[in-house]
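# Observations on chain architecture
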Amino acid sequence: MFDFMNIMNKVKEAQAKIKETQARLVHLTATGESGAGMVKVVVNGHRKVVSIEMDESLINPNDKEMLADLIVAAMNKAMEAIEFKIKDEMKAATDGMLPNIPGMDLGNMF
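Summary of the structure given here. Here the residue index of a chain counts from 1 through its sequence in written order. Under the rules for a predicted model, residues below a pLDDT of 70 receive no local features and side-chain atom pairs below 80 are neither given nor counted, while totals for whole chains, interfaces and linings still include all residues. For side-chain calculations, the full set of non-hydrogen atoms in the structure is used, while hydrogens and water are omitted.

## Details of the nonpolar core
The following threshold applies: In these notes, a set of buried Ala, Val, Leu, Ile, Met, Phe, Trp, Tyr and Cys residues joined through side-chain atoms within 4.5 Å is what counts as a nonpolar core. Only protein chains enter the accessibility calculation, which uses a 1.4 Å probe. A residue is then buried if its area is under 20% of the maximum for its type, exposed if over 50%, and partly exposed in between. Going along the chain from the N terminus, every DSSP run of H or I of four or more residues is numbered as a helix, and every run of E of two or more is numbered as a strand. Contacts are assigned to residue pairs with any non-hydrogen atoms lying within 4.5 Å of each other.
The biggest cluster of nonpolar side chains holds 16 residues, and the ones touching the most others in it are V39, V41, V43, I82 and I86. Of all elements in the fold, only β2 (39-44) and α2 (64-94) reach the threshold of two or more residues within this core. A per-element tally of this core places α2 first, with 8 residues. With residues up to four places along the chain from it excluded, the contact list for V43 reads L28, T29, A30, K48, V49, V50, A78, M79 and I82.

## Here's the deal with the pairing of strand β3 (residues 49-54)
Where we set the bar: Strand pairing is assigned whenever DSSP detects at least two bridges linking the two strands.
One ladder, built from 5 bridges, connects β2 with β3; its direction is antiparallel. In the sheet register, K40 faces β3, and the bridge partner there is E53. Between the end of β2 and the start of β3, which pair antiparallel, lie 4 residues, with R47 showing a positive phi angle near 60°.

## Some words on the sheet that holds β3
In a beta sheet, neighbouring strands pair by backbone hydrogen bonds and run either parallel or antiparallel. For the record, the criterion: For helices, the fitted axis covers only the stretch in contact; all axes are lines through C-alpha atoms, and the angles between them, taken along N-to-C directions, range from 0 to 180 degrees.
Pairing is antiparallel in the open sheet, where 3 strands are placed in the order β1-β2-β3. Both edges of this open sheet fall to β1 (29-34) and β3, since each of them pairs with a single strand only. Along the sheet, successive strands turn relative to each other by an average axial angle of 15°, direction set aside. Packing of α2 onto the sheet brings it into contact with β1, β2 and β3, and relative to β1 it is tilted by some 145°.

## Some points on a nonpolar patch on the surface
Put simply, the rule reads: Like-charged residues within 9 Å of one another, or nonpolar side chains (Val, Leu, Ile, Met, Phe, Trp, Tyr) within 5 Å, are grouped into patches, provided each residue has over 30% relative accessible area and no salt bridge. The protein chains shown are the only cover counted for residues, whose accessible areas, like all others here, come from Shrake-Rupley with a 1.4 Å probe. A pairing counts as a salt bridge when a side-chain nitrogen of Lys or Arg comes within 4 Å of a carboxyl oxygen of Asp or Glu.
A surface patch of nonpolar side chains, amounting to about 320 Å² of accessible area, comprises V49, I52, M54 and I59. Position of V49 among the secondary structure elements: in strand β3.

## As for the pairing of β1
Only one face of β1 is covered, namely the one carrying A30, G32 and S34; the face carrying T29, T31 and E33 has none of its residues buried. Sheet topology places β1 next to β2; 6 bridges connect them, and they run antiparallel. Counterpart to E33 in the pairing with β2 is K40. Hairpin connection of β1 to β2: 4 residues between the antiparallel strands, including G35 at a positive phi of 60°.

## Description of unusual backbone geometry
Here A36, not a glycine, exhibits a phi torsion of approximately 55°, which is positive. Inspection of the secondary structure assignment puts A36 in the loop between β1 and β2. You will see that R47, though not glycine, has its phi angle at about 60°, which is positive. With respect to the helices and strands, the residue R47 is situated in the loop between β2 and β3.

None of the figures reported here should be taken as evidence of function without further support.
Laid out in structure tokens, this is it:
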């Protein structure tokens, strides 16, 4: 049988750690590259683009479509990478705090 008060205390503790970790996510970054590193996009843990760098050779008014495709590809890679980092940070913040309740998957909570 579960100790309800103990569970509630652990939930409150987990909520505090989650809030604290979310505040730190702004400092977490991930980089996505495309075009063999010719385009680089950096995003933070709040899923905001921090910077975009591109090789000057790509800046061609006659080939805007290729540059746009490379930027989109790099952004998608950066967003995918930051999602993994966010999940790892949140998992580390709450590891062992909440009981393992069968059928209750908190993995997609973040």
